[in-house]
Protein chains: 2
Amino acid sequence: MLKALIFDVFGTVVDWRSGVAAEAKRFFDVKGIGLDPFEFADAWRGEYQPTMERVRSGNRGYVPLDELHRENLDIVLDRFDLAGYFDAADRVELNHAWEKLPPWPDSVPGLTALKEDFIVAPCSNGSIALMTRMAKFGGLPWDAILGADIAGNYKPREEVYLASCNALRLEPSQVMMVAAHPGDLDAAKACGLMTAFIPRPLEFGPSHENDPQADHHAGMRRRDDWNYTAESVKILAEILMA
Amino acid sequence: MLKALIFDVFGTVVDWRSGVAAEAKRFFDVKGIGLDPFEFADAWRGEYQPTMERVRSGNRGYVPLDELHRENLDIVLDRFDLAGYFDAADRVELNHAWEKLPPWPDSVPGLTALKEDFIVAPCSNGSIALMTRMAKFGGLPWDAILGADIAGNYKPREEVYLASCNALRLEPSQVMMVAAHPGDLDAAKACGLMTAFIPRPLEFGPSHENDPQADHHAGMRRRDDWNYTAESVKILAEILMA
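This structure is a prediction, so every number in the text was calculated from the model and none was measured.

S.K.: Can you lay out the pairing of strand β5 (residues 194–197) of chain A for me, pointing to particular residues and giving the numbers?
M.R.: Residues and elements named next belong to chain A. Sheet topology note: the strand β4 (residues 175–179)/β5 ladder contains 4 bridges and is parallel. From the neighbouring strand, alanine 179 faces β5, where its bridge partner is phenylalanine 197. You can see the chain leave β4, run along helix α10 (residues 182–190) and come back into β5, and the turn it takes is right-handed. As defined by bridge partners, β5 adjoins strand β6 (residues 228–229) across 2 bridges and the pair is classed as parallel. Pairing of phenylalanine 197 across the sheet is with threonine 229, part of β6. In the classification by handedness, the crossover that spans β5, the intervening helix α11 (residues 215–221) and the parallel β6 is right-handed.

Spelled out as structure tokens, the structure:
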């Protein structure tokens, strides 16, 4: 019987692109930088998978995502020729952008409803520190913080899903992974977890809404692969608690 | 600057003795067992420190407290000649008593207030699974679940306090340990954390209220040793947020 739902967070529960762009814009405005803050957010996020892959492949020991974001910030500031505008304190502060991400409108009501009957927790690549601060910023009512820090590795490595189930003392079959990304669900499913897909057509901005390769289209084409598909966390709660 | 408060839980935040006795009584009533359920609760808790000590001393690898409680349940059932009354399923169910502990009356309002300005998290020897279910039972509004599971060891080993700070990416000086037990605070203080003592004269029942050796008296005698002493979590919140 289903006991817990664990969530991908960046893209699935919160709108990282708008949140990072808003923080970048705050700095750009003060410093008179004309760069599109969404382009900056996309570039910063673009470094995400390659950096984690070094950890997943064993070429680097586990370091929390906060540190990878901080290193990647240096890379993208250099790329846009903005290094001279940001001193060390600015960089530390801007790096906290990843803790200030707005939840999608259905996330808080959906999690609040699900929390009545189930344990709800993030199973994100973000650290406990990052997820805890993000939850306070956006009012995400998590019961516990699981994910990469618990496992000392990054999704989609199987130990992240299994360590999260184990921390709750639940069998994978009692836990449902909820994500907007088919690859995340494939990995959770391979570990024996239940799966729910939530399309997030605006994750990468309006220009990706009609991209046939985007996750929201790919996931919908494969909807029979998941136990549930729902348009929002709130609708998933309605389905599971009906 | 203070950013987070981490809490001892058994005794400090919840009344383990009443909660375990209530669950034991529920079984005893059904099975026609005449034993005082408080005596049973005290005996079960009595096995707590010696079992953890084997882990702390390195004589046994880390196992979550749920499993130690379960093993200790067998020991105390044998001691009271009750083994024949409890089959395997009964024992699993009774072991969940440790997740059904009532908060002291000030705990939920106090934590709710503190959560406005600080990160609040358990730093208990209970597992993530145990603490998560207890929080749902009693409405404890934790921001994250820290403690023994994060460190793979038991308090008062220093790694438990340090791993909890580290998981939040905070320096020990930015974190306050809150406990009803002087030994717990001594260990946290030695790691550089701030400390707050909350006396809980009823932790071991009314007959211990006047015991001069009990923690609530010992801690009050040493009140200059802690950064703060407060009669309740609610009063601690009032002091810190004044």
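Structure shown, so let's carry the discussion forward.
S.K.: With reference to specific residues and values, describe the relation of the copies chain B and chain A.
M.R.: Screw-axis analysis of chain B against chain A gives a translation of 0.0 Å along the axis, an RMSD of 0.0 Å, and a rotation angle of 180°. What we have between these two chains is a two-fold relation. It is alanine 144 of chain B whose C-alpha, among those of chain B, lies nearest the rotation axis, at 2.6 Å. In this assembly, 100% of the residues forming the interface of chain B have copies in chain A that are likewise at the interface, indicating an isologous arrangement.

S.K.: Run through the packing of aromatic side chains, naming residues and quoting values.
M.R.: Any two aromatic rings considered together are summarised by their centre-to-centre distance and by the angle between their planes. All names here are of chain A. Inspection of the entire model under this criterion finds 24 aromatic pairs over all chains. Plain terms: the ring middles of tryptophan 16 and tryptophan 98 are 6.3 Å apart, the flat faces sit at 25° to each other, and that makes the pair stacked. Of this pair, tryptophan 16 sits in helix α1 (residues 16–31) while tryptophan 98 sits in the loop between α5 (88–95) and α6 (107–117); the two residues are 82 residues apart in sequence, bridging distant segments of the chain. We classify tryptophan 16 as buried; its relative accessible area is 1%. With centroids separated by 5.8 Å and ring planes inclined at 40°, the aromatic side chains of phenylalanine 27 and phenylalanine 86 adopt a geometry described as tilted. Highlighted residues: phenylalanine 27 in helix α1 and phenylalanine 86 in the loop between α4 (65–79) and α5, separated in sequence by 59 residues. These aromatic residues form a ring-pair network of at least three members: Phe10, Trp16, Phe28, Phe40, Trp44, Tyr48, Phe80, Trp98 and Phe204. Directly above the ring of phenylalanine 86 sits lysine 31, whose terminal nitrogen or CZ lies 5.2 Å from the centroid.

S.K.: Lay out the layout of surface pockets in plain terms, naming residues and giving numbers.
M.R.: Roughly 580 Å³ of internal volume is contained in the largest pocket. Surrounding the largest pocket, 23 residues form its lining, His96, Glu99 and Arg133 of chain A together with Lys3 and Leu170 of chain B being those nearest its centre. The set of elements that each furnish at least two residues to the lining of the largest pocket consists of α4, α5 and α7 (128–138) of chain A. Considered class by class, the residues forming the lining of the largest pocket number 9 nonpolar, 4 polar and 10 charged. Lining the second largest pocket we find 23 residues, and of these Asp149 and Ile150 of chain A together with Ile128, Asp149 and Ile150 of chain B sit closest to its centre. Every element with two or more residues in the lining of the second largest pocket is listed here: α8 (148–151) and α9 (158–167) of chain A together with α8 (148–151) and α9 (158–167) of chain B. Taken together, the residues that form the lining of the second largest pocket break down as 12 nonpolar, 4 polar and 7 charged.

S.K.: Help me get a handle on the interface of chain B and chain A, residues and values and all.
M.R.: Much of the literature gives interface size as the accessible area that the parts lose upon coming together. Taken residue by residue, the interface counts 23 residues in chain B and 23 residues in chain A. When chain B packs against chain A, close to 1,700 Å² is buried across both sides, 58% of that on carbon and sulfur atoms. Its largest share of buried area at the contact with chain A, chain B owes to Arg133, Lys136 and Arg169 of chain B, together 33% of the area lost on that side. Linking chain B with chain A are 6 salt bridges, by the criterion used here. For glutamate 67 of chain B, the salt bridge identified is with arginine 169 of chain A, shortest N-O distance 3.2 Å. The tally of links between chain B and chain A comes to 12 residue pairs in polar contact (both at pLDDT 80 or more). Counting only elements with at least two residues in the side of chain B that touches chain A, the list comes to α4 (65–79), α7 (128–138) and α8 of chain B. Considering every element that reaches the side of chain B that touches chain A, the biggest residue donor is α7 of chain B, with 5 residues. Here the residues of the side of chain B that touches chain A are counted per class, giving 13 nonpolar, 2 polar and 8 charged.

Reading the values: the criteria
Sequence order as written defines residue numbering, which begins from 1 separately in each chain. A letter from A marks each chain and a number from 1 marks each ligand, given out in the order of writing. Local features in this predicted model are restricted to residues whose pLDDT is 70 or higher, and side-chain atom pairs enter the listing and the counts only when it is 80 or higher, whereas totals over whole chains, interfaces and linings include all residues. Side-chain calculation: all heavy atoms of the structure are included, whereas hydrogens and water are not. Here, strands pair whenever DSSP counts at least two bridges between them. Only DSSP runs of H or I with at least four residues qualify as helices, and only runs of E with at least two residues qualify as strands; both kinds are numbered from the N terminus onward. When the strands point away from the viewer and the path from the first strand over the helix to the second turns clockwise, the crossover is right-handed. The copies are overlaid by a least-squares fit using only the C-alpha atoms of residues whose pLDDT is at least 70 in both copies. Any two residues whose heavy atoms approach within 4.5 Å are treated as being in contact. Stacked, tilted and edge-to-face are the three classes applied to pairs of Phe, Tyr and Trp rings, where Trp contributes its six-membered ring and a pair requires centres within 6.5 Å; stacked means planes under 30 degrees apart, edge-to-face means over 60, and tilted covers the rest. Each residue's exposure class comes from its accessible area (1.4 Å probe, protein chains only) as a fraction of the maximum for that residue type: buried when under 20%, exposed when over 50%, partly exposed otherwise. Working rule: Lys NZ or Arg CZ, within 6 Å of ring centre, within 35 degrees of ring normal, means a charge sits over the ring. Buried and open spaces are told apart on a 1 Å grid over the protein atoms alone, a cavity being a set of points where a 1.4 Å probe fits but cannot get out and a pocket being an open set with protein on both sides within 12 Å along at least five of seven lines. Residues with an atom within 4 Å of a point are the lining residues. Grid points are joined across faces, edges and corners, and a volume is the space filled by probe spheres set on the points. Gly is put with the polar residues, along with every residue not named as nonpolar or charged; the nonpolar set is Ala, Val, Leu, Ile, Met, Phe, Trp, Tyr, Cys and Pro, and the charged set is Asp, Glu, Lys and Arg. Throughout, buried area stands for the accessible area (probe radius 1.4 Å) lost by two parts on being put together, summed over both. Any carboxyl oxygen of Asp or Glu that lies within 4 Å of a side-chain nitrogen of Lys or Arg is treated as forming a salt bridge with it. Think of a polar contact as two N or O atoms within 3.5 Å of one another; within protein, one of them needs to be a possible hydrogen donor and the other a possible acceptor, and neighboring residues in sequence only count if both atoms come from side chains.

Any functional reading would require information that these geometric values do not contain.
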